[in-house]
Amino acid sequence: MKMTNLLRSSFIAAMVFGFVACSENDPDPTIQEPNEDDDEEVVASPENMFGEVEGVWPAGSTYTITGDVVVPEGSSLTIEEGVTVIIDGDGRQGSSPEIVVRGSLYAYGTEDARVRFTVPEGRRTVANTFAGLWGGFTATETVGDLVFEYADIEYAGAPGEANNPIVQEGEISEGEPRYAIYMQDDGLTSNFIVWHTRIAYSKDDAIRLNGAKTLIAYSTFELNGETGGEAVNTKSGTVGDFCFNLVYGSATNGLKVANSKGRTPQADNYFYNNTIVNSGWRRVQAGRGGSLNYENGSRGQCFNNLVVNSRYGLRMVPPDDQPDLANTEWGFQYYYGDEEIIVEEFYPSNGTIGRVEDQPRPSSDVAGGVGENDPLFANYTLGSFNIEAAREGSSVERLPSDADFRLSADSPALDGANTTFSPRYASYEVNGKTYTTPTPQTYFGAFGPAN
């Protein structure tokens, strides 16, 4: 059953630009965007969706996906503000749909009317945090652009099946968990934008990128990976900016880059002004990361990140798999730890920073002893982190609804960060919109002062 004709509607844009307003603490988070014609055709909200789709899913609609949905090559699907997409998956092979993007997908939520990709209400439980109930998004080699603005993506990571593109190309094996978002591109022909978006409760990586011109900013990653998996895991061909994001309780790293997979150009990732909390503890393999990780010929710049109660600080992998150190710059990280084992690994024992003569610990870092340099979050108290509970995935704590990781007026993290570098790209032009890349700030982490 193909839904193409049912879902096709006009999408006429008058190229008149406006501005989207954001929080007063956001460093110039602007988008220029076109206004849309008010006479756009409105279609009914269908249920039991599967097959090929394109056109527009109009604002406020609800769609239920019961089988794999495919955006064909050369086509696009635009999902407007306030749309809810319910994926009726149960985590078993044969009954866990995915959204395959061979063309372009644009999810355009707003601050007050987000786009939501989730499972039926009765399955949105703590017990299903790492159940992996649906297959996530798979953007294939022919993908145009993939954009998520003010979107929520939950409970992805169902086991791969033989007919899934991610299995057919050998990225994962049949039966292994899929990712919330998987995208591949060669030569920076595609754009990947994640803007004010939340990805939560994925069984493995929230995002796995094999190439794309990439901007991930102002987004939240919550409890990604059951016993392994990153919030963002990028490979060769991925170039861009990763900034002003919150990572809470990832199984392994918050942000990881490796120049593997043989695509072009060289992986070049700028990780700056991110807040990474309670991450790295569920990874069962010894010696793997817990916050920020560069390896295997990758390059970039890494500054101003605030790393709290995570298993490891910034890790530059040793010579057998090391990054392109000649073209990588780092420093100005802010570390806090409740336990000695955390403080001891601000400079990972399985990395090179502070462990080899030509890579001393940066004097620009803030890294003290146990309980020192509390960043004084506006509403998230430190001092009682339970490592054993964090290691046990079944008992891991979800992000408290009232948590506020902005910095109190007397926070020592409010100044001292590095503002002397520029983003990898000043802006990103995608589908008639201009995303202005946020610039580095004088404070550490993703959030500025609370007042």
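Relevant structure appears above.
Reference entry: report on the structure contained in this document. (Residues numbered from 1 in each chain as written. Predicted model: local features only at pLDDT ≥ 70, side-chain atom pairs only at ≥ 80, totals over all residues. Heavy atoms only, no water.)

Turning our eyes to something else, we now look at the overall build of the chain. Helix and strand counts for the chain stand at four helices and 35 strands. For the chain, the residues scored as buried account for 60% of the 451 residues in total. At a minimum sequence separation of 6, the contacts of the chain that also span at least 24 residues come to 72%. (Helix = DSSP H or I, 4+ residues; strand = E, 2+ residues; numbered from the N terminus. Buried < 20%, exposed > 50% of the residue type's maximum accessible area, 1.4 Å probe, protein only. Contact = heavy atoms within 4.5 Å.)

Right, let's talk about the nonpolar core for a bit. Ranked by size, the top nonpolar core spans 72 residues in total, and within it Leu105, Phe117, Phe148, Phe192 and Ile207 carry the most contacts. Per element, the largest residue contribution to this core is four residues, and it comes from strand β5 (residues 62-71). Look past the residues within four positions of Phe117 in its chain and what remains in contact with it is Ile79, Val85, Ile87, Ile99, Ala107, Trp134, Phe137, Phe148, Ala151, Asp152, Ile153 and Glu154. Membership of the second largest hydrophobic core comes to 37 residues, among which are Tyr270, Tyr272, Tyr380 and Phe444. (Core = buried A, V, L, I, M, F, W, Y, C linked by side-chain atoms within 4.5 Å.)

On to empty space enclosed by the protein. On inspection of all chains with the given rule, the structure shows one cavity of 30 Å³ or more. Along its surface, the largest cavity is lined by Glu230, Thr252, Asn253, Lys256, Arg283, Arg288, Gly289, Asn293, Glu295 and Arg315. A class-by-class count of the residues in the lining of the largest cavity yields no nonpolar, four polar and six charged. (1 Å grid on protein atoms, 1.4 Å probe; cavity = no way out; pocket = protein on both sides within 12 Å on 5 of 7 lines; lining within 4 Å. Points joined across faces, edges and corners; volume = space filled by probe spheres on them. Nonpolar A, V, L, I, M, F, W, Y, C, P; charged D, E, K, R; others polar.)

On inspection of all chains with the given rule, the structure shows 26 aromatic pairs. Here Phe303 and Phe332 contribute two aromatic rings whose centre-to-centre distance is 6.3 Å and whose plane-to-plane angle is 70°, an arrangement assigned as edge-to-face. Placement of Phe303 in strand β27 (residues 299-303) and of Phe332 in the loop between β30 (328-331) and β31 (334-336) is noted, with a sequence separation of 29 residues between them. A residue is classified by how much of its surface remains accessible, and Phe332, at 24% relative accessible area, is partly exposed. (Phe/Tyr/Trp six-rings, centres within 6.5 Å; stacked < 30°, edge-to-face > 60°.)

With that out of the way, let us pick up the pattern of salt bridges. Evaluated as defined, the whole model comprises 19 salt bridges. Its salt-bridge partner being Lys433, residue Glu149 comes within 3.1 Å of it at the nearest N-O pair. Taken together, the residues Glu149 in strand β12 (residues 145-149) and Lys433 in strand β35 (residues 433-436) connect sequence positions 284 residues apart. Like Glu149, the residue Lys433 is buried in the burial classification. Here Glu161 makes a salt bridge to Arg178, at a shortest N to O gap of 3.8 Å. A residue pair is termed long-range when its members are at least 10 positions apart, and Glu161 in the loop between β13 (151-154) and α2 (165-168) and Arg178 in the loop between α2 and β14 (181-184) qualify at 17 residues. Across this residue pair, the class does not change: Glu161 and Arg178 are buried. Connected through salt bridges with shared partners, the residues Arg114, Arg116, Asp152, Glu154, Arg198 and Glu222 form a single ionic network. (Salt bridge = Lys/Arg side-chain N within 4 Å of Asp/Glu carboxyl O.)

Counting through the fold element by element, Leu399 comes out in the loop between α4 (387-391) and β33 (404-407). Separated by 177 residues in the primary sequence, Leu399 and Glu222 place their C-alpha atoms 6.9 Å from one another. Those residues in contact with Leu399 that lie beyond four places of it in its chain are Thr220, Glu222, Leu246, Tyr248 and Phe405.

Across a sheet, paired strands are connected by hydrogen bonds in the backbone, their directions being either parallel or antiparallel. Strand order in the open sheet formed by ten strands is β4-β6-β9-β12-β15-β18-β21-β24-β27-β30, and the pairing between neighbours is parallel. Two strands bound the open sheet, and with one partner strand each, they are β4 (55-57) and β30. Neighbouring strand axes in the sheet, compared pairwise and without regard to direction, differ in orientation by 10° on average. Pairing of β27 with β30, which is carried by four bridges, proceeds in the parallel orientation. Counterpart to Gln301 in the pairing with β30 is Glu329. (Pairing = 2+ DSSP bridges. Axes fitted to C-alpha atoms, helices over the stretch in contact; angles between N-to-C directions.)

Okay, the side chain of Ser250 next. Mapped onto the elements of the fold, Ser250 is located in the loop between β22 (246-248) and β23 (255-258). Within polar-contact distance, the side chain of Ser250 engages the backbone oxygen of Thr252 at 3.1 Å. (Polar contact = N/O pair within 3.5 Å; in protein donor to acceptor, adjacent residues only side chain to side chain.)

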